[in-house]
Each structure stands twice: as C-alpha cells, then as structure tokens.
Amino acid sequence: MYRTHNCGELRLTHLNQKVVLSGWVRRVRNAGGIIWIDLRDRYGITQLIMEEQYTTPELIQVAKSLGREFVIQTEGLVIERTSKNPKIPTGDVEVKVSKIKILNESKLPPFLIEDETDGGEELRMQYRYLDLRRSVVQQNLIMRHKVAQEVRAYMNSQAFLEIETPVLLKSTPEGARDFVVPSRMHAGEFYALPQSPQILKQLLMVSGYDRYYQIVKCFRDEDLRADRQPEFTQIDCEMSFVSQDDVLTMFEGLIKHVFKAIKQVDLPNFQRMTFADAMQNYGSDKPDLRFGMSFKYLTELAKNKGFKVFDEAEAIVGISVDGGAEFTRKQTDELTLFVQRPQVGAKGLVWVRYATDGTLKSSVDKFFTTEQLKEWAGLFGAKPGDMLLILAGGLNSTRKALCELRLEVGNRLNLRSKDVFKPLWVVDFPMFDVDEETGACASMHHPFTSPLWEDFDKIETEPASVRSSGYDMVMNGVELGGGSIRIHSKEVQRKIFRILGLSEEELQMQFGFLLEALDYGAPPHGGIAFGLDRLCTMLGGLDSIREFIAFPKNNAGRDVMMQSPSLLSDAQLKELYLRIEAEKVSK
Ligand code: ASP
C-alpha cells in the first residue's frame, strides 16, 4: 500500500493516527536538530517533521539526502503543530516521521515548482510535465474538468446524445485551411482533420438523432493570431425542429448553468443585439458591454466646417468618457499615440474637455467655436467632467479604431473587471463578406448557414445586403460560441455554393454527399459550437487559453516539449509517396 491518505487530507480529527503518505518533496528545511519536509501531491501539502534526538541517525541521513521533487513514501504519526499554518487546509497538523522510502530520485528542476515560479514561458513549456505540477496550473485543469462535467450534465438533462465523429475526414472548405494527413494505403490521397464536425452533425440530424453534442477537438491551419491554437476544443451541438429562438434559449440555459455551477454566479438574461447595431454602437461584432461609451456620430454636425481632417472624412465618430475631463495632457497624448499605432490605424485623435466648471476646451479650438463644441457635447449626452474622444476617416476603419480606443480607455479606467459578466447574443449577421473590388462572396459564418428568409429574394442581386440566421454568443468582448440555423433544402444549399463561387463540378466533388443527404428527408435544424478553452479562460478570469490546455502549442504552433512538428524519415516519406522540396525545409 503506497498511502493511507493523500497530502491534502489530514486534519486535527486524524490526531494520533498512524498514516502512510506518498508524494513529491517540495522542500526540506533543517533547523537546529529538527528537519521539516513539505510533501506535495495533487491534493495539497502536508508537513513532515523529524527531531534528531528522537529519531534514528539512518532516518535523519535519508531525510538529509532528499532533494527537491524526489518521490518518497513515508510513515508516521499525525500530531498537532505547535505553530499552525492557516494558509493551507492541513496546516493544523504534521506527521512525525518513523520511516522514509525513496521511490524515485529527481534531478533539480529547471524552475521552481511553486505558484510564483521563476521559470519563463518557453522553459515551462519545454518541461510542461513539471509546470503541470504547480498548484495554480492544476487548479485550471481541475476547473476545466468540472466545466466539461457540468456541460455534460446539462446536455444530458436536455436529452442530447453525445456522439463521436471521425478525426480522419475529407478536406472541405469551411473557412480556414485544413490540416491534412497523407494516406499510405491510397497513394496520393489525403484525409483532412476536422475544422469542426459541422457537416457530420448536420448528417446526424438527417439521421434523426434530434439532439447531438460532443466535446471535440477541432483543427485549423491558420496563421496564429494572439491566443489561437492550431487544435482546440469545441462543445459542439446540433438540434432538429428548432427555430433560432429555441436554440438561443437552450444554450443561454447551458451557459447560465455552467456559471452557476462553477462560479456561483447568476447570469442576467442575455441581451440580443443585431450585428448592424453592434457595429454602429461599438464598432465590433463582439462588444464589451461591461461599460458604456457607445459611439456617437458627429458627421452631420462637424463636417464641412473648414477642418480638413473632418471635411475629408466619410465618418466622424466619438465616445464620451465619464469623468474623462480629468485626463491630463500627458494622458491625452498617450491616447493619441495609441490610436496612431499601426494595429489601430487612426491618423490622430480629437479631444474635447468638458471641464467641471462647464467650460469647453478642445484640440480643434482653431476650427470650432464654443457653441459648436457645446452642440457636440449635447449630441453625446456629455456633462461637465466628461471628455469626448473623436476619430475621423473611412467608416469601417474609424469604427474599428474607435473600438480599440474604447477598450483601451475601459482598461485605463478599470471598467473591465474580470468578476463582471455581460453576455449577449449578436444576431442578424450579414450572410456574405463581399469583396469590394471583385464582388466575390465568402460566407460570414460557414456555407451551411441559412439566410434570413425575408432577405432571400435579394440573394443574387444584392448579396451584401442579405442577412443570415447566424448568431454569436459574446461575453465581455469575447466570442464564446457561434452557430446558425442551417440550410436543409438541397436547392438553396446548391444556390449558396454557386454564389460562393463553386462550380457544379467542384461542389459535387466536395459536397456531393451532403447535397445527396439533403434529398433524403433532412429536417429543419440548427446548432452552435462553443470554444471550451475560451469558456474556461473566461470562467477562470485569465487571459490566455493556454492556461487551460494541458499541453498547448506555442505562438508559432510548435510543441516545444516534443519538438513538433518535426521531419519524417526518408522511409516514412517513401511509404507515403511524398517528396519534400529540399529548399523549402525550414531548418
Ligand atoms: N461549426 C461552427 C464553427 O465551428 C459552429 C456551428 O455553426 O455550429 O464555428
């Protein structure tokens, strides 16, 4: 028997019991004839004690030979501590050791295995198995486990079936680039890893399974933007015979259930906002509603008044910052530099300070009178003590830049607390992203998303104005999930593929099986997928999904522990009928 208890278990109720513990040596302290050892496992830390005068020299010698992260088994008596440690649950007791057995030695780890470690990210990822011993990391993975269990509990209670779908699939365009796997048995042919099980879950609806879910790995070979992983986990769901409202209600229920179970938070009912309103008022399809400062449009009032920057602009848009009149000159200068960063892309920032004494001062006093500034303040609903921040330029680029500025100001004023949750549904997305130059249409969600029927007659003539039945669940400026009501008519699906630019031949080759399935009694259906990693990050109040993934890849998509991706041997390549162009090899 390796242990009678774990390292987080012993309390005063165990006093005078003989116990056996196993775990890792966190540290050994030796002071004036007394040796203490902190013994750690997943459940906690227990202090071991040995007093030289009451112990055998052999035991003391073993204790002194222990290094950090040695794995030991120990036997002893539970006693009350003279100086208690209220910071840990086992802090009232310690174990008076009578035996120690070294089960395995350890090299000195390359960084401290403590919550506050001295190891940098790259080093910790290289030795991820040691990093995973740290309690803070373990707590994240434990939370992820609980989230997955709560998701299952809710879905099971609603009659959803958890059904697995294959990982070796067929390459079909779904928005991102596929990861592909060469087939040895079929020379020159490839499987693709699923970007999501989208088509398969729709086929399960055709098969009559009615309610499906799966906690499933998805793979997308994208250039990695911040906080993306080439593989990630979705809570993937689909339902038959549902309207958009049915789906939103069901999954609002899921997220409320998870927040209650994991954080004891009662989420409010989710607002619903159209894509058009989100863009108009926040410049983003994932607005952070933890604070106000919605956009106001000054174009009518301020254009053609002799200020060139405004006169040449398609849109003049601003926000009013509550209490912003207190910003110093240095702070407004910093905000100007912020909007001029290439990622934000504005040329400059116009500010209007509405001082508490009611006077108005601005960075464009040369061009506008106090009366005019007053009119602006009226449009913004600003009051003394506020500050207007205004950008001008093309409509889309100005909205995008102002969205960034709004979030930055929100950060600076601490308005984006991790303990406040503002969920909403964004609905009525445009069906297509239409290239302004070529007119080419790409799906905004994916090609299986149904258009809104009231817009259907414009689908060929004015595709840019057609709205889809797609929806996103957004919380605190983060997209937690997205989905849609699907197309269940073969003719409509074919039409959409054609608008997306697929020839009849291409669509038969890539989607023939789907079109055929739609011919065999496909029910109306719809669904959604949530990012599990991202949901955990939101619940955990952290910034990176990596914190909730046991073995994540780095920002360049590499696993620095296993050193993957890696080269294949010539024999493997030959078996797969592959040849690598030598000059393309990156190392
Ligand atoms: N398959 C979609 C995605 O991965 C989600 C959905 O439409 O259900 O984004």
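Please refer to the structure placed before this passage.
The rules behind these values
Residues numbered from 1 in each chain as written. Predicted model: local features only at pLDDT ≥ 70, side-chain atom pairs only at ≥ 80, totals over all residues. Heavy atoms only, no water. Helix = DSSP H or I, 4+ residues; strand = E, 2+ residues; numbered from the N terminus. Buried < 20%, exposed > 50% of the residue type's maximum accessible area, 1.4 Å probe, protein only. Contact = heavy atoms within 4.5 Å. Areas by Shrake-Rupley, 256 points an atom, 1.4 Å probe, with all protein chains shown as cover. Lys, Arg positive; Asp, Glu negative; His and termini not counted. Charge placed at Lys NZ, Arg CZ, Asp CG, Glu CD. Polar contact = N/O pair within 3.5 Å; in protein donor to acceptor, adjacent residues only side chain to side chain. Salt bridge = Lys/Arg side-chain N within 4 Å of Asp/Glu carboxyl O. Pairing = 2+ DSSP bridges. Expected span 1.5 Å × (residues − 1). Core = buried A, V, L, I, M, F, W, Y, C linked by side-chain atoms within 4.5 Å. Arc of directions from axis to C-beta. Near = heavy atom within 4 Å.

Colleague: Got a minute to help me understand the overall build of the protein in this structure?
Modeller: When helices and strands are counted, the protein shows 16 helices and 22 strands. Classification of the 587 residues of the protein by burial places 47% in the buried group. Across the protein, the fraction of contacts at a sequence separation of at least 24, relative to all contacts at a separation of at least 6, is 65%. Carbon and sulfur atoms make up 51% of the accessible area of the protein, which amounts to about 29800 Å² in all. Taking the 74 positively charged and 82 negatively charged side chains of the protein as two groups, their mean positions are separated by 5 Å.

Colleague: Just checking my understanding: could you explain the side chain of Thr398 for this structure?
Modeller: You can see Thr398 is positioned in helix H12 (residues 395-412). Only 3.2 Å separates the side chain of Thr398 from the backbone nitrogen of Gly393, close enough to count as a polar contact. Among the polar contacts made by the side chain of Thr398, one reaches the main-chain carbonyl oxygen of Gly394 at a distance of 2.6 Å. Ignoring any residue separated from it by four or fewer positions in sequence, one finds Thr398 in contact with Ala315, Val317, Leu391, Ala392 and Gly393.

Colleague: Help me understand the side chain of Arg399, please; the structure alone is not making it clear to me.
Modeller: Looking at the element boundaries, Arg399 is found in helix H12. Buried within the structure, Arg399 lacks any salt-bridge partner; Asp277 is the closest side chain of opposite charge, at an N-O distance of 8.5 Å. Leaving out residues up to four positions away in the same chain, Arg399 has contacts with Met279, Gln280, Gly283, Phe295 and Tyr297.

Colleague: Is there a simple way to think about the sheet that holds strand S15 (residues 360-362) in this case?
Modeller: Strands pair in a sheet through their backbones, by hydrogen bonds, and they do so in one of two ways: parallel or antiparallel. Spatially, the five strands line up as an open sheet ordered S12-S13-S16-S14-S15, and their pairing is antiparallel. Whereas interior strands pair on both sides, the edge strands pair on one side only; in this sheet they are strand S12 (296-297) and S15. Looking at chain direction, strand S13 (residues 315-321) and strand S16 (residues 387-393) are connected through seven bridges and run antiparallel. When the sheet's bridge partners are listed, Ile316 is paired in S16 with Ala392.

Colleague: Would you explain helix H4 (residues 135-157) in this entry?
Modeller: Every α-helix carries 3.6 residues per turn, so stepping three or four residues along brings you back to the same face. The terminal C-alpha atoms of H4 lie 33 Å apart, and with 23 residues this matches the ideal 33 Å at 1.5 Å per residue to within 8%. For H4, the secondary structure elements touched by its buried residues are helix H3 (128-131), strand S9 (211-219), strand S10 (231-240), helix H6 (244-263) and helix H15 (532-540). At the C-terminal side of H4, Ala159 shows a positive phi close to 70°.

Colleague: How should the nonpolar core be read in this particular structure?
Modeller: In terms of nonpolar packing, the biggest core is built from 38 residues, with Val147, Phe251 and Ile255 touching the most fellow members. Mapped by element, the contributors of at least two residues to this core are H4, S10, H6, strand S17 (423-427), strand S20 (470-475), strand S21 (478-485), strand S22 (525-531) and H15. Filtering out sequence-adjacent residues up to four positions away, Val147 remains in contact with Val258, Ile262, Leu532, Leu535, Cys536 and Leu539. Formed by 24 residues, the second largest nonpolar core is a distinct cluster that contains Val317, Ile319, Val344 and Ala346.

Colleague: Explanation requested: helix H10 (residues 329-340) in the structure shown.
Modeller: Taking 1.5 Å per residue, 12 residues should reach 16 Å; H10 reaches 17 Å between its end C-alpha atoms and fits that length. Among the residues making up H10, those that are buried are Thr332, Leu335, Thr336, Phe338 and Val339. One side of H10 carries all its buried residues, which in axial view fall inside an arc of 160°. Turned more than 90 degrees away from the buried face of H10, the exposed residues are Arg329, Lys330 and Leu337. Looking at the buried side of H10, the elements it contacts are strand S14 (350-354), S16 and H12.

Colleague: Explain unusual backbone geometry here, please?
Modeller: As a rule of thumb, non-glycine residues mostly have phi less than zero, and peptide bonds are mostly trans rather than cis. The peptide bond linking Ser564 to Pro565 adopts the cis configuration, its omega dihedral lying at 5°. Checked against the element boundaries, Pro565 lands in the loop between H15 and helix H16 (570-575). Residues other than glycine seldom take positive phi values, yet Asn476 does so here, at roughly 55°. With respect to the helices, strands and loops of the structure, Asn476 is situated in the loop between S20 and S21. Phi is positive for Gln563, which is not a glycine, with a value near 60°. Along the chain, the position of Gln563 falls in the loop between H15 and H16.

Colleague: How should I be thinking about the site of the ligand in this particular structure?
Modeller: Surrounding the ligand, one finds Ser196, Gln198, Lys201, Arg220, Gln234, His446, Gly482, Gly483, Arg486, Gly527, Ile528 and Ala529. For the ligand, an oxygen atom lies 2.9 Å from a polar atom in the side chain of Arg220. Interatomic distance of 2.9 Å between a side-chain N/O atom of Gln234 and an oxygen atom of the ligand. Out of a free accessible area of 270 Å², the ligand has 86% covered by protein chains.

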